[in-house]
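Here is how the chains run, residue by residue.
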Amino acid sequence: MKAIVSSILLCAGAAAAAADVPATIAVKAAHMVDVRNGTLIDNAVVLISGERITAAGSKLAIPAGAQVIDLGDKTLLPGLIDAHTHLTNDPQDAGYGIVAKSIPRVTLTGARNARVTLQAGFTTVRDVGADGYADIGLRDAINDGDVPGPRILASGPPLGITGGHCDDTLHAPEYKAVSLGVADGVAEALKVTRRNIKYGADVIKICATGGVLSFGDDPRASQYTLDELKAIIGDAHRLGRKAAAHAHGGDGIKLSVLAGIDSIEHGSYIDDEGIKLMKEHRTYLVPTLYLGDWLIENADAIKLPKPLLEKAKVVLPAARANIGKAIKAGVPIAFGTDAAVYPHGLNAREFSVLVKLGMTPAQAIRTATVNGADLLGWSDKIGSIEAGKYADLIAVDGQPLKDVKTLEQVQWVMKGGAVVK
């Protein structure tokens, strides 16, 4: 009998608790950015049921019994999207530092960085390269509610050639160290692509050229052949995944675009032909530019090995000039940072660089909202404050359409209808 009574009381308590949950949340703010049109909506109201927005606009009627969150004179925007992060790494990992860290340790690092990234207003990220599928484990932990963090599309270990940018070139030969994503030739590349998908990858990351923070390779040199790229990208698309190519050099960019890549990451040496091809194929460029300031200024503090610093001093300034041309030419741009090369949480500093290279504040904000959502294939879920989208919202002081630096100080964050800051 006691057990029956306890069960009845528990059910009654659960029903009462459910009754206390408001059917609607109403978020009010003095202003809201319409990211599609680059305009400001005054007297903004966003109505939310569960995880989703049900209505948004000016002076909307608030239903009786709704929970009201009044943000006063702040400005609302959709949660921001960073299409190029490495949550499980930190700046001091560049060079030899990473060899001392186990997969469990970098996963816990990722949990910390996920929280910091969410607090900075980035409610969705694409994580493009992590050892041991740590990013996939982190994604699942966030989705299960075990740790706070943004929505993650994860790639797992990036594909790269033996001795290339995404191989482990830090060890002496006798250690026989090989990165998990190394794949040479079409057959091997297909196998690793399928293995990554088997273990949960949302996107396939490919290292199509050399890189900056790796030993013994040239960022301008292509690494995969056109046939290898076509095989990887074709299989990714056939199996319902998009593909992203780390590509600094002109030839690697062009080969990747011709093979059907969805986005070029970095694009430091993009040339006129590459710009033309990317526009024709509507291929997104994900420039990662602010890191050029932070990395060189902090190279001594993070003990960046001299060969990597010397590469950075050459590649990163060239990237700004070339990407400035791509922006002016109208190449589609999605926001990315390469956070991990500099501290997570500083992601929004990328906006100012985009504006310096010729974007208006509205255009820069679109790269991290509607453009980012389009690249990720999530335009029906995120990227704007509209009915049916996830209730991912941020609020800032000031007017971001006049000064994008306001986005560096996000005051309030909601993810899926829950206030997280």
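Each remark here, short or long, concerns the structure printed above.
The model shown is predicted, which means the values in this text are computed figures rather than measured ones. Position numbers for residues start from 1 in each chain and track the written sequence from start to end. Residues qualify for local features only when their pLDDT is at least 70, as the model is predicted, and side-chain atom pairs are given and counted only at 80 or more; totals for whole chains, interfaces and linings, by contrast, use all residues. Side-chain descriptors were evaluated using all non-hydrogen atoms of the structure, hydrogens and water having been removed beforehand.

Novice: What is the right way to look at the packing of aromatic side chains in this model?
Specialist: Aromatic ring pairs are described here by two measures, namely the spacing of the ring centres and the angle between the planes. Only Phe, Tyr and Trp rings take part, Trp by its six-membered ring, and two of them pair if their centres are within 6.5 Å. Stacked means planes under 30 degrees apart, edge-to-face means over 60, and tilted covers everything else. According to the stated counting rule, one finds four aromatic pairs in the structure shown. Where Phe-335 meets Phe-351, the ring centres are 4.4 Å apart and the plane angle is 35°; that geometry is what we call tilted. Separated by 16 residues along the polypeptide, Phe-335 in the loop between helix H9 (306-329) and helix H10 (350-356) and Phe-351 in helix H10 bring together distant segments of the chain. Comparing Phe-335 with Phe-351, the two get one shared label, buried. Taken together, the aromatic side chains of Phe-122, Phe-335 and Phe-351 make up a single cluster linked through ring pairs. Whether a charge lies above a ring is judged from NZ of Lys or CZ of Arg, which has to be within 6 Å of the ring centre and within 35 degrees of the ring normal. Lying over the aromatic face of Tyr-390, Arg-52 brings its terminal NZ or CZ to 4.0 Å of the ring centre. Counting from the N terminus, the helices are DSSP H or I runs at least four residues long and the strands are E runs at least two residues long. Using a 1.4 Å probe on the protein chains alone, a residue whose accessible area is under 20% of its type maximum counts as buried, one over 50% counts as exposed, and one in between counts as partly exposed.

Novice: I keep staring at the environment of Asp-293 and nothing clicks. Help me out?
Specialist: Position of Asp-293 among the secondary structure elements: in helix H8 (residues 291-297). With 181 residues separating them in the primary sequence, Asp-293 and Arg-112 have C-alpha atoms 24 Å apart.

Novice: For this particular structure, what's the right way to read the sheet that holds strand E6 (residues 80-85)?
Specialist: Between any two strands, pairing holds if DSSP finds at least two bridges. Strand order in the open sheet made by the three strands is E6-E7-E8, with parallel pairing throughout. The strands lining the two open edges of the sheet, one partner per strand, are E6 and strand E8 (151-154). Neighbour to neighbour, the strand axes of the sheet diverge by 15° on average, direction disregarded. Inspection of the sheet shows strand E7 (residues 122-127) paired to E8 by four bridges, in the parallel sense. Looking at the pairing, Thr-124 lines up with Arg-151 of E8. Note on contacts: a residue pair qualifies if any of its non-hydrogen atoms lie within 4.5 Å across the two residues. Axis angles are defined between N-to-C directions and span 0 to 180 degrees, where every axis is a line fitted to C-alpha atoms and, for a helix, only to the segment in contact. Taken strand by strand, helix H3 (residues 134-143) contacts E7 and E8, and its axis lies near 155° from that of E8.

Novice: I'm lost on the state of the cysteines in this one. Help?
Specialist: As used here, a disulfide is simply a covalent bond connecting the sulfur atoms of two cysteines. Two cysteine sulfur atoms make up a disulfide if the distance between them is within 2.5 Å. According to the stated counting rule, one finds one disulfide in the structure shown. Put simply, Cys-166 and Cys-207 are joined by a disulfide, and their sulfur atoms are 1.7 Å apart. Residue Cys-166 is found in the loop between E8 and helix H4 (185-198), and its partner Cys-207 is found in strand E9 (residues 203-207); the two are separated by 41 residues along the sequence. Of the residues examined, Cys-166 reaches a relative accessible area of 12% and is grouped as buried.

Novice: Any chance you could explain the layout of surface pockets here in plain terms?
Specialist: Where empty space is left can be seen by rolling a probe of water-molecule size over the atoms. As a volume, the second largest pocket reaches approximately 250 Å³. Space inside and on the surface of the protein is sampled on a 1 Å grid over the protein atoms alone, with a cavity defined as a set of points where a 1.4 Å probe fits but cannot get out and a pocket as an open set with protein on both sides within 12 Å along at least 5 of 7 lines; lining residues have an atom within 4 Å of a point. Together, 14 residues line the second largest pocket, and Val-331, Pro-332, Ile-333, Met-359 and Asn-371 are the ones closest to its centre. Among the elements of the structure, H9 and helix H11 (361-367) are those that each provide at least two residues to the lining of the second largest pocket. With three residues, the single largest contributor to the lining of the second largest pocket is H11. Grid points are joined across faces, edges and corners, and a volume is the space filled by probe spheres set on the points.

Novice: It is not clear to me how the sheet that holds E9 should be interpreted in this structure. Could you clarify?
Specialist: One key point about sheets: their strands pair by backbone hydrogen bonds, in either a parallel or an antiparallel sense. Strand order across the open sheet formed by four strands is E9-E10-E11-E12, with parallel pairing between neighbours. The open sheet has two edge strands with one neighbour each: E9 and strand E12 (284-286). Mean inter-strand twist for the sheet, computed between neighbouring axes without regard to direction, equals 25°. For E9 and strand E10 (residues 242-247), the ladder comprises five bridges, and the chain directions are parallel. For Ile-206, the partnering residue across the bridge sits in E10 and is Ala-245.

Novice: Could you clarify how one ought to interpret the pattern of salt bridges in this entry?
Specialist: Opposite charge on two side chains permits pairing when their charged atoms draw close. Any Lys or Arg side-chain nitrogen found within 4 Å of a carboxyl oxygen on Asp or Glu counts as a salt bridge. Considering all chains together, one arrives at 19 salt bridges under this definition. Salt-bridge contacts for Lys-101 lead to Asp-93; the nearest nitrogen and oxygen are separated by 3.0 Å. Note on Lys-101: relative accessible area 27%, which makes it partly exposed. A relative accessible area of 6% places Asp-93 in the buried class.

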